[in-house]
Each structure stands twice: as C-alpha cells, then as structure tokens.
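Chain residues, written in single-letter form:
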Amino acid sequence: GRRRDNGQTGGCLQLELNLLKISRIKGFGDNISPKPFMKKFSIVLTIILCFAPVAFGQDSRVRILEQPKPELPQNYGTLDVQGTVILKVQFLEFGEIGEVIEVKGLSGGLTERAIAAAKKVKFEPEKKDGKPITVYKQLEYSYSWNGGWSVPSAAAAKPETRVAGDPSKAEMIVAKAVQNLGGDRYLKVSTQVGKGKFSTIKEGTIVDFQSFVDAIVIPDRERTEFKGGGAKMTQVNTGETGWIYDGGQDLIKVQTSVQIENFKRSQRTSLDTLLRGNWKGKAELTYIGTRPASLGKRNDVVRLTYKDGFAIEFEFSTGDAMPQKAVYKQEKEGEDSLTEEDRYAQFIEVDGIKTPFIIDRFTGGRQTSRINYDSVEFNKPLPDAVFAKPANVKEARKDLKY
C-alpha cells in the first residue's frame, strides 16, 4: 500500500507496522537465517531511537500554584514605606521551599513578612530530563503604604540569571555568603579582636614572623600591634587620621598621607566591607561571571567599583557562595601595576559567626605573607582609649590588655 509519512512520528509508526507484519509471518524466537534477523534487529533499533525523546522526558520550569501575599503590618496605613522586597528562594525537588535569602529588603518588618509568605508558596518542581530538581529562583513582593502588598501578575518565579553586569545576581551571591557566615549575627558585629601570627614569605619559605593583636571597631577604627625580634610596632587608624609607634626607634609618629591611603585601601578591599554593605553609596556592585577555581570547580565573581575607578573582584564558590578570594590591582607611581590577591581559608565558627583563620596574600602570583589567627572575639567592648594617641613613648611601650 501507499506509505504515509507525517514527520518523525509517522515514519516510526510505519516501521512499527512493518515489524508487526514480519512478526506474524515468523516469530523472533524461531530458527531463522542471519539476514532476516539483522533486518528485524535494525527495525527494532530504529523504533527505539524514534521514541527516545519521549522516553527520556522533557524539561520544565518551576510552576507556581499558590503565592500568598504577606501579612499586612500592624501599623498599616501609617507606615510610610514603599518599595519591593526581592528574595532568592530555593525550590526543592520534592516540592517544598528551602532557604529564603534576602536580596533587597524593606524596613518596618516588611522583609520578614515577605520571607514568611515565600515559605508558604506552593509549586510544581522544575524538571530536567523528566526528573524533578532543586533550583534557586527570585521572588518579588511590592508594598506601598496605602495599597498594601502586591505580587507580580506573572505568578511565576523569575529564573536566577547569571548575566555579566547583573547587579541583582551579585546581590544574591553576597546575601547567600552573609547567611553562610552567620546571617544577622555576622551583620551585627560591632567589634573584633584577633590574635595570631603574621608571616613574611619569600620563594615559598617563611623568612620572618611576628605575633600580632588586631582590634577593630566597625567601620573605621583599627589598632594593630606587632611583636618580633624584641621590637614592638603599633599602628592605629581612626577615620582620616592615624599614628604609629616605632619601637625600634622608640618614636611616636603621625601617619603620612600615603600610610593613611594604604589603610583606606585595605578597608575597601576587605571582605567584611563588601558583605556588611559599608561600600553602599560609594561604589557599584556587579556580577562578572564565573572563572575556574580548583579542579572541576568554578567561582562566581562579583566586582565592587568605587567612584574613583578603583575596583576589587571577590570570588565565591558556586553553589554554597563561600568566600574564596579578593583580587585587585596595586598601583604605584612609576611602577607597573601588580595583581594582589587575598585568599581565605580555614573558616571557623565563633559565637555563631564563621570567619577565616587563614588569609594568604599573593602579589604578582607569588605568596608574600600569611595571617594565621589563633583566636578571634566578637563584640568585645573597646574603649576610645585603645585608639587614642599616647602622650609619650613610655605610654606607647605599654601592652594593652583586651
């Protein structure tokens, strides 16, 4: 008869009919010659290939079934706040909401109410090759003081984008890193006192090391004392001013403009400055993309660019967003710029806050130093006297007790 072929499916059906005709004449289990058998085998293989796309299933995105609005605040109508809460939400493969991370929030308890609503979302999981998978998506909840809450009419989770230059993607990575390091506990740190060893490294070998005590009051006060070889050095910075005690010369000196600029640059390149948002209003945050890390792994890269053009790239491991390194250029007048890297390792939890106990510095691709903390304390009271310039060298020689 005439063969009718309406595309791939029609062709496959025709082959199936041919197979049925052959099977009626002689069963596959009969003792037949090799040629007819090979012909039958090729027909079966063709059928399998034709229907393979159906057998392996299809891809589908998260489908929102119910997305309740957040509860109205108790002072609704008088709370003069409006804007949009943006959340990064984990849609688990078994149909439940996992972690919810704040990307952009609102005051007055509105962020917390949006998070609570996001945890009540009902959905069908995303599928890959027909199998449900866990994914992160973005949800938005808009609020106005006279209109209450509204949810975008699309009623669908926006895909988590990885487009270079996307600030929302960068904000999501930073928000997840903050959660990993302690969430609100990390953000509410006001002081930090660290003690340990500082090693100078050359050609892969430690050539010198000193003990140190480092006291910080966020955002811009720091006192660091070094001891080694019988000498003591103290460096103190408070905002735009600073002083140094040089134990070798037994002198107190006012910091030069270059030394103060070096301190301010160290603040700019600090991981804590990025994660705690102390750069806001002074710089812009963007997502750069991914780059190779260790074998088979990649890091997400975000860039912080200050208004004067100075930029730092921070790398976070893809997936869990744990901080890996900070990379920036060191410009010196009359010299070629060098790439500086601060690499973070050995995160240890202290009072519910994870902090790196090892920070390695690389200059031009070679390791030049290591900071190795023995202990770290958070939110310890630090009086103003810790940062005050001593009246004389006798006072400067004294060791402070923290």
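Just above sits the structure.
What counts and how
- Every residue gets a number counted from 1 within its own chain, in the order that chain's sequence is written.
- For a predicted model such as this one, the threshold for reporting local features is a pLDDT of at least 70, and the threshold for listing and counting side-chain atom pairs is 80 or more; totals across whole chains, interfaces and linings nevertheless cover every residue.
- Side-chain numbers come from the whole structure's heavy atoms, not from hydrogens or water.
- Only DSSP runs of H or I reaching four residues or more are called helices, and only runs of E reaching two or more are called strands; each is numbered from the N terminus.
- Accessibility here uses a 1.4 Å probe with only protein chains present; expressed as a share of the type maximum, an area under 20% marks a residue as buried, one over 50% as exposed, and anything in between as partly exposed.
- Whether two residues are in contact is decided by their heavy atoms, any of which lying within 4.5 Å being enough.
- Between any two strands, pairing holds if DSSP finds at least two bridges.
- The method works on a 1 Å grid over the protein atoms by themselves. A cavity is a set of points holding a 1.4 Å probe that cannot get out, a pocket is an open set with protein on both sides within 12 Å along at least five of seven lines, and residues with an atom within 4 Å of a point line them.
- Grid points are joined across faces, edges and corners, and a volume is the space filled by probe spheres set on the points.
- The nonpolar class holds Ala, Val, Leu, Ile, Met, Phe, Trp, Tyr, Cys and Pro. Asp, Glu, Lys and Arg form the charged class, and all remaining residues, Gly among them, are polar.
- Take the buried residues of types Ala, Val, Leu, Ile, Met, Phe, Trp, Tyr and Cys, join any two whose side-chain atoms come within 4.5 Å, and each joined set is a nonpolar core.
- In protein, a polar contact requires one atom able to donate a hydrogen and another able to accept it; more generally it is a pair of N or O atoms within 3.5 Å, and residues adjacent in sequence count only if both atoms are side-chain atoms.

1. Here we look at the overall build of the protein chain
Logical step 1: Each helix and strand in the protein chain was counted, giving eight helices and 22 strands.
Logical step 2: The proportion of buried residues among the 402 residues of the protein chain is 38%.
Logical step 3: When contacts within the protein chain are restricted to residue pairs at least 6 apart in sequence, those whose partners lie at least 24 apart make up 53%.

2. What about the pairing of strand β16 (residues 283–292)?
As a general feature of sheets, a regular strand has side chains that alternate between the two faces.
Logical step 1: Note: β16 against strand β17 (residues 298–306), nine bridges, orientation antiparallel. The residue of β17 that forms the bridge with Ala283 is Tyr306.
Logical step 2: The antiparallel hairpin formed by β16 and β17 contains five residues in its connecting segment, where Gly296 sits at a positive phi of about 75°.

3. Here's the deal with the environment of Asn75
Logical step 1: Tracing the backbone shows Asn75 in the loop between β1 (63–66) and β2 (83–91).
Logical step 2: Under the relative-accessibility criterion, Asn75 is labelled partly exposed at 35%.
Logical step 3: Sequence separation between Asn75 and Trp145 is 70 residues, and the spatial gap between their C-alpha atoms is 9.5 Å.

4. Remarks on the layout of surface pockets
The gaps left among the atoms become clear once a water-sized probe is rolled over them.
Logical step 1: Roughly 600 Å³ of internal volume is contained in the second largest pocket.
Logical step 2: The set of elements that each furnish at least two residues to the lining of the second largest pocket consists of β3 (97–104), α3 (110–118), α4 (167–181), α5 (184–187) and α7 (271–275).
Logical step 3: For the lining of the second largest pocket, the per-class residue count stands at 13 nonpolar, four polar and seven charged.

5. Regarding the nonpolar core
Logical step 1: Counting 35 residues, the largest nonpolar core has Leu274, Leu275, Leu285, Val302, Leu304, Phe314 and Phe316 as the members making the most contacts within it.
Logical step 2: Counting residues per element, this core draws most heavily on α4, at six residues.
Logical step 3: The next biggest cluster of nonpolar side chains, apart from the first, holds 23 residues, and it includes Leu79, Val81, Leu87 and Leu110.

6. Quick notes on the side chain of Gln330
Logical step 1: Looking at where Gln330 falls in the secondary structure, it is placed in strand β19 (residues 323–330).
Logical step 2: Within polar-contact distance, the side chain of Gln330 engages the side chain of Arg265 at 3.4 Å.
Logical step 3: In this view, Gln330 contacts Arg265, Ser337, Leu338 and Glu340; residues no more than four positions away in its chain are not counted.

Without other data, these values stay purely geometric and don't point to any function.
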